[in-house]
Amino acid sequence: MSYLLVSPCRNESDYMRLTLDSVVAQTVPPDLWVIVDDGSTDETPAILQDYASRYSFIQIVTRENRGHRSVGPGVIEAFYHGYDAIDVNQFDFVCKFDLDLELPAKYFETLIQRMNDNPRIGTCSGKAYFRDKKTGNLISEKCGDEMSVGMTKFYRRTCFEEIGGFIRQVMWDGIDCHKCRQLGWIAVSWDEPDLNFIHLRPMGSSQQGIFTGRMRHGFGQYFMGTGLLYMMASSVFRMIHPPYIVGGLAMLWGYLKSLFQRQPRFDDALLVSFIRYYQMQCLLKGKSTATEALNAQQEKVWNENHS
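Now for a quick tour of the structure.

Conventions adopted
Residues numbered from 1 in each chain as written. Predicted model: local features only at pLDDT ≥ 70, side-chain atom pairs only at ≥ 80, totals over all residues. Heavy atoms only, no water. Buried < 20%, exposed > 50% of the residue type's maximum accessible area, 1.4 Å probe, protein only. Helix = DSSP H or I, 4+ residues; strand = E, 2+ residues; numbered from the N terminus. Pairing = 2+ DSSP bridges. Axes fitted to C-alpha atoms, helices over the stretch in contact; angles between N-to-C directions. Phe/Tyr/Trp six-rings, centres within 6.5 Å; stacked < 30°, edge-to-face > 60°. Salt bridge = Lys/Arg side-chain N within 4 Å of Asp/Glu carboxyl O. Patch = residues over 30% accessible without salt bridge, like charges linked within 9 Å, V, L, I, M, F, W, Y side chains within 5 Å. Areas by Shrake-Rupley, 256 points an atom, 1.4 Å probe, with all protein chains shown as cover. Arc of directions from axis to C-beta. Contact = heavy atoms within 4.5 Å.

The next thing to look at is the pairing of strand β4 (residues 93–97). Here β4 lies mainly inside the structure; five of its five residues are buried. A two-sided burial pattern is seen for β4, the buried positions comprising Phe93, Cys95 and Phe97 on one face and Val94 and Lys96 on the other. Looking at chain direction, strand β1 (residues 3–9) and β4 are connected through four bridges and run parallel. Bridging from a neighbouring strand, Val6 pairs with Lys96 of β4. As paired strands, β4 and strand β9 (residues 152–156) are joined by five bridges and run antiparallel to one another. Bridge pairing in β9 links Phe93 to Arg156.

Here it is as structure tokens:
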């Protein structure tokens, strides 16, 4: 089964050698790895050229320097700059993949096997951990089992096409999984040794700091259509995990600030209604039970679309 990696990157010289080496060392390497250099000004271009000269499956695409790092829509614009440049129909799987990760050797082999075993799995991933700067211990980023994580979105290509790909806004990596469930696909991640990876830049961080990253996540939840009650519960959950208290407060403030300012929201009314129903079921039943029930309910939708 063939798979494609597409990696938007900008000024990743601090991390990227670990990522490049861990992909090269995969038991099942990618058939093609398109790396989009989004206007890097550090040593990134030289490092990419070095690896591309040694590994034929690495292809470099360069974008003009816009002058700054752009998260959310900017990352997805860079992803599509690479994705649209090739014939994706030759691949069974496609992965949006960041250049600040360190993977176990059987990562992609295991994901492909899981998807082959269950044709309803549309997107999946392992779990992200980051290394504590003081103790050196690995700490989970606490990503839910009902999502594939944004830094390594591994998709069955047919599912990716059915959901319409990624939207070009901050919460692209949450909306996609909800859209999968709406169409009867399963989105999932597993916390297992062969799938756990190190995120060299912790989730929710930002070039301007953790607080800014968490506020941005709060805006993303607002944009996606998340209800206030669910957002408050999610913020409390984040308060008891690093960065303690302030991370959850920043998320809630980002949401409330967007609400008070009446910022634009996601305009797919049916999907927003679906998301809010699911979130309410999570509050009432617990996320694991609610997800299992919804996946069972949506199986008929998947069967109708793939009979």
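In this section: the sheet that holds strand β7 (residues 128–131). One open sheet holds the four strands; their spatial order is β5-β11-β7-β8, and the pairing between them is mixed. Single-partner strands in this sheet number two, and they are β5 (101–102) and β8 (138–140). With three bridges connecting them, β7 and β8 associate as antiparallel partners. Following the sheet pairing, Arg131 is matched in β8 by Leu138.

Strands sit in the order β3-β2-β1-β4-β9-β6-β10 across an open sheet of seven strands; the sheet is mixed. The open sheet has two edge strands, β3 (58–63) and β10 (186–189), and neither has a second partner. Across the sheet, the mean angle from the axis of one strand to that of its neighbour is 20°, orientation sign disregarded. As judged from the four bridges shared by strand β6 (residues 121–125) and β10, these two strands associate in the parallel manner. Of the residues in β10, the one forming a bridge with Ser125 is Ser189.

This part covers the packing of aromatic side chains. Following the criterion strictly, the structure yields 24 aromatic pairs and no others. Seen in terms of ring centroids, Phe93 and Phe154 are 5.3 Å apart; in terms of plane orientation they differ by 25°. Their pairing is stacked. Of this pair, Phe93 sits in strand β4 while Phe154 sits in strand β9, and the two are 61 residues apart along the sequence. Pair check on accessibility: Phe93 and Phe154 agree, each one buried.

What follows is about the pattern of salt bridges. In the structure shown here, the tally under the stated rule is twelve salt bridges. Where Arg54 meets Asp50, a salt bridge forms, and the shortest distance between an N and an O atom there is 3.0 Å. Highlighted residues: Arg54 and Asp50, both in helix α2 (residues 44–54), separated by four residues, approximately one helical turn. With a shortest N-O distance of 2.5 Å, Lys96 and Asp98 are connected by a salt bridge. A relative accessible area of 3% means that Lys96 is categorised as buried. For Asp98, a relative accessible area of 16% puts it in the buried group.

Turning next to a nonpolar patch on the surface. Taken together, Phe211, Tyr244, Ile245, Val246, Leu249, Trp253, Leu259 and Phe260 make up a surface patch of nonpolar side chains, about 820 Å² in accessible area. Considering every element that reaches the nonpolar patch, the biggest residue donor is helix α9 (residues 246–260), with five residues. If you trace the backbone, Val246 turns up in helix α9. For Val246, a relative accessible area of 44% puts it in the partly exposed group.

Here we come to helix α1 (residues 16–24). Every buried residue belonging to α1 is among Met16, Thr19, Leu20, Ser22 and Val23, and all of these are buried. Along the long axis of α1, the arc covered by the buried residues comes to 165°, so they all point the same way. Tucked into the core, α1 has its buried residues touching β1, β2 (32–38), α2, β3, β4 and β5.

Before going further, it helps to spend a moment on unusual backbone geometry. The backbone phi angle of Ile245 is positive, close to 65°, even though this residue is not glycine. Considering the arrangement of structural elements, one finds Ile245 in the loop between α8 (228–239) and α9.

Ala290, Thr291, Leu294 and Asn295 are the residues of helix α11 (residues 287–297) that are buried. With its buried residues spanning 130° around the axis, α11 presents them on a single face. In α11, the exposed positions that point more than 90 degrees away from the buried face belong to Ser288, Glu292 and Ala296. Looking at the packing, one finds that the buried side of α11 touches α6 (172–182), β10, α10 (269–285) and α12 (299–305).

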